[in-house]
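# Report on the structure
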Amino acid sequence: MGMSVTISAATEQDAEQIFKLQYLCFQSEAALYGNYRIDPLVQTLDSVREEVAKDCVFVARLGDEVVGSVRGSVTEDGAAAIGKLCVHPRLQGHGIGARLLRAAESALAAERGATRFRLHTGHRSESSLGLYRKVGYTAVGTSEGKDGVPMIVLEKAAGTYAATA
């Protein structure tokens with residue numbers, strides 16, 4: 001019998017696994033843009049540790065292995081910035097990303113007073129865009145990442161959850 005994936009708040013002990021997973025998962029994103037200097041690939045382990053300590057960070061676990069993660073924090077305008085959603089390549093397409101998003105959204109609304117959720121994804125990231133649209137996000141604009149990658153900005157109101165992902 002196989003193990004099931006569980007979603008829980010990240011602890012400081014998870015930071016190194018999150019760091020390694022993020023590096024693995026964002027290789028394909030970097031390849032889409034021919035840019036291996038995107039933020040998730042150049043972030044330091046210390047920076048990940050700081051995010052785990054201060055932000056709303058969730059992980060997906062398969063046994064003791066961290067196989068997914070997402071982060072969020074509330075901005076000055078009451079929106080929650082959600083970012084660095086990643087799921088191990090071998091487990092993508094099984095709803096883990098949607099479950100991570102839902103956990104982060106629920107905590108950000110209930111514990112930190114977020115009134116809406118905002119995220120950015122690369123304009124060529126079709127699988128990410130598909131997931132975000134499926135769970136209720138709509139495009140509200142564009143921006144450019146610090147790394148020069150054109151991004152699509154998506155938002156949805158707090159309390160807006162898709163029935164399925």
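You can see Asp 14 is positioned in the loop between β1 (5–9) and α1 (15–25). Since its relative accessible area comes to 4%, Asp 14 is described here as buried. Sequence-distant contacts of Asp 14, that is, excluding residues within four places in its chain, are made with Ala 9, Val 59, Arg 61 and Val 66.

Before going further, it helps to examine unusual backbone geometry. In this structure, Lys 84 is a non-glycine residue whose phi angle is positive, near 55°. Relative to the helices and strands, Lys 84 resides in strand β4 (residues 79–87).

Bringing the pairing of strand β3 (residues 65–74) into the picture now. The element β3 is extensively covered by neighbouring structure, given that seven of its ten residues are classed as buried. Both strand β2 (residues 56–62) and β3 contribute to a ladder of seven bridges, which runs antiparallel. Residue Leu 62 lies in a different strand from β3, and its bridge partner there is Glu 65. What sits between β2 and β3 in their antiparallel hairpin is a turn of two residues, with Gly 63 showing a positive phi close to 65°. Summarising the sheet, β3 and β4 pair through six bridges and their orientation is antiparallel. Across the sheet, Ser 69 pairs through a bridge with Cys 86, a residue of β4. Counting the residues in the hairpin turn of β3 and β4 gives four residues, including Gly 78, whose phi is positive at 85°.

As summarised here, the arrangement of the seven strands in space is β1-β2-β3-β4-β5-β7-β6, forming an open sheet in which the pairing is mixed. What marks the edges here is a single partner per strand, and that holds for β1 and β6 (138–144). For this sheet, the mean angle separating the axes of adjacent strands, direction not counted, is 25°. Sheet analysis places β1 next to β2, joined by five bridges and oriented antiparallel.

Burial runs high along strand β5 (residues 116–122): five of the seven residues are buried. Examined bridge by bridge, β4 and β5 share four bridges and lie parallel to one another. Bridged to Ala 81 within β5 is Arg 118. Inspection of the sheet shows β5 paired to strand β7 (residues 150–157) by seven bridges, in the antiparallel sense. Counted as the bridge partner of Thr 121 is Ile 152 from β7.

How each quantity is defined
- Along each chain, numbering runs from 1 in the same order as the chain's sequence is written.
- Given that this is a predicted model, residues contribute local features only at a pLDDT of at least 70 and side-chain atom pairs are listed and counted only at 80 or more, while totals for whole chains, interfaces and linings are drawn from all residues.
- With hydrogens and water set aside, each side-chain value is computed from the structure's full complement of heavy atoms.
- Only DSSP runs of H or I covering at least 4 residues are called helices, and only runs of E covering at least 2 are called strands; the numbering of each starts at the N terminus.
- Burial classes: relative accessible area under 20% of the type maximum marks a residue as buried, over 50% as exposed, and values in between as partly exposed (1.4 Å probe, protein chains only).
- The contact criterion used throughout is that any non-hydrogen atoms of two residues lie within 4.5 Å.
- Two strands qualify as a pair provided DSSP detects at least 2 bridges between them.
- Orientation is described by axes fitted as lines to C-alpha atoms, over the contacting stretch for helices, and by angles from 0 to 180 degrees between their N-to-C directions.

This is a description of form; function is not addressed.
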